[in-house]
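Observations on the three-dimensional arrangement
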Amino acid sequence: MKKELMIFLGVFAFLAIGMHFKEWLSHPIAHIQALPHAGAYGIGALHPLVFTTLGYLFLGLIRLTIRGIKRLFH
């Protein structure tokens, strides 16, 4: 459980910094304060959690595929 939470937080940090690099460097507090007014694809303030969950599920699919391939060849 702790490992999966760390992976989820890692995906969150990777996506947040990757998508909003300039904002995190220039004005991070203002960027966080503007979150309630965010309008990413109509999702609003929940868009970081939605996109992180999608990224985590995609990463989980890749991890399961790799695990399955390893089991086939062992």
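Our subject is the structure that appears above.
Residues numbered from 1 in each chain as written. Predicted model: local features only at pLDDT ≥ 70, side-chain atom pairs only at ≥ 80, totals over all residues. Heavy atoms only, no water.

1. Considering the overall build of the chain
- The helix and strand tally for the chain stands at four helices and zero strands.
- If you list the helices and strands of the chain from N to C, you get α-α-α-α.
- Its C-alpha atoms give the chain a radius of gyration of 16 Å, more than 25% over the compact-globule value 11 Å for 74 residues.
- Across the 74 residues of the chain, 8% fall into the buried class. (Helix = DSSP H or I, 4+ residues; strand = E, 2+ residues; numbered from the N terminus. Rg over C-alpha atoms; globule rule 2.2 N^0.38 Å. Buried < 20%, exposed > 50% of the residue type's maximum accessible area, 1.4 Å probe, protein only.)

2. Some thoughts on a nonpolar patch on the surface
- On the surface, Tyr-41, Ile-43, Leu-46, Leu-49, Val-50 and Leu-54 cluster together into a nonpolar patch covering about 610 Å² of accessible area.
- Along the chain, the position of Leu-49 falls in helix H4 (residues 47-72).
- Judged by relative accessible area, which is 48%, Leu-49 ranks as partly exposed. (Patch = residues over 30% accessible without salt bridge, like charges linked within 9 Å, V, L, I, M, F, W, Y side chains within 5 Å. Areas by Shrake-Rupley, 256 points an atom, 1.4 Å probe, with all protein chains shown as cover. Salt bridge = Lys/Arg side-chain N within 4 Å of Asp/Glu carboxyl O.)

3. What about the side chain of Thr-52?
- Examined against the element boundaries, Thr-52 turns out to sit in helix H4.
- Thr-52 sits in the buried class, given a relative accessible area of 2%.
- A distance of 2.6 Å separates the side chain of Thr-52 from the backbone oxygen of Pro-48, its partner in a polar contact.
- Ignoring sequence-local partners within four residues, the contact set of Thr-52 consists of Phe-8, Val-11, Phe-12 and Leu-15. (Polar contact = N/O pair within 3.5 Å; in protein donor to acceptor, adjacent residues only side chain to side chain. Contact = heavy atoms within 4.5 Å.)

4. Describing a positive patch on the surface
- A cluster of basic residues, Lys-3, Arg-67, Lys-70 and Arg-71, forms a positive patch at the surface.
- Ranked by residue count, the leading element in the positive patch is H4, at three residues.
- Along the polypeptide, Lys-70 turns up in helix H4. (Lys, Arg positive; Asp, Glu negative; His and termini not counted. Charge placed at Lys NZ, Arg CZ, Asp CG, Glu CD.)

5. Brief notes about the side chain of His-47
- Within the secondary structure, His-47 is located in helix H4.
- Of the polar contacts made by the side chain of His-47, one reaches the backbone oxygen of Gly-44; its length is 2.8 Å.
- Discounting chain neighbours no more than four positions away, the residues touching His-47 are His-20, Leu-35, Ala-38 and Ala-40.

6. A word on H4
- With 26 residues, H4 extends 38 Å between its outermost C-alpha atoms, agreeing within 8% with the 38 Å of an ideal straight helix rising 1.5 Å per residue.
- His-47, Pro-48 and Thr-52 are the residues of H4 that are buried.
- Those residues of H4 that are buried are in contact with helix H1 (2-19). (Expected span 1.5 Å × (residues − 1).)

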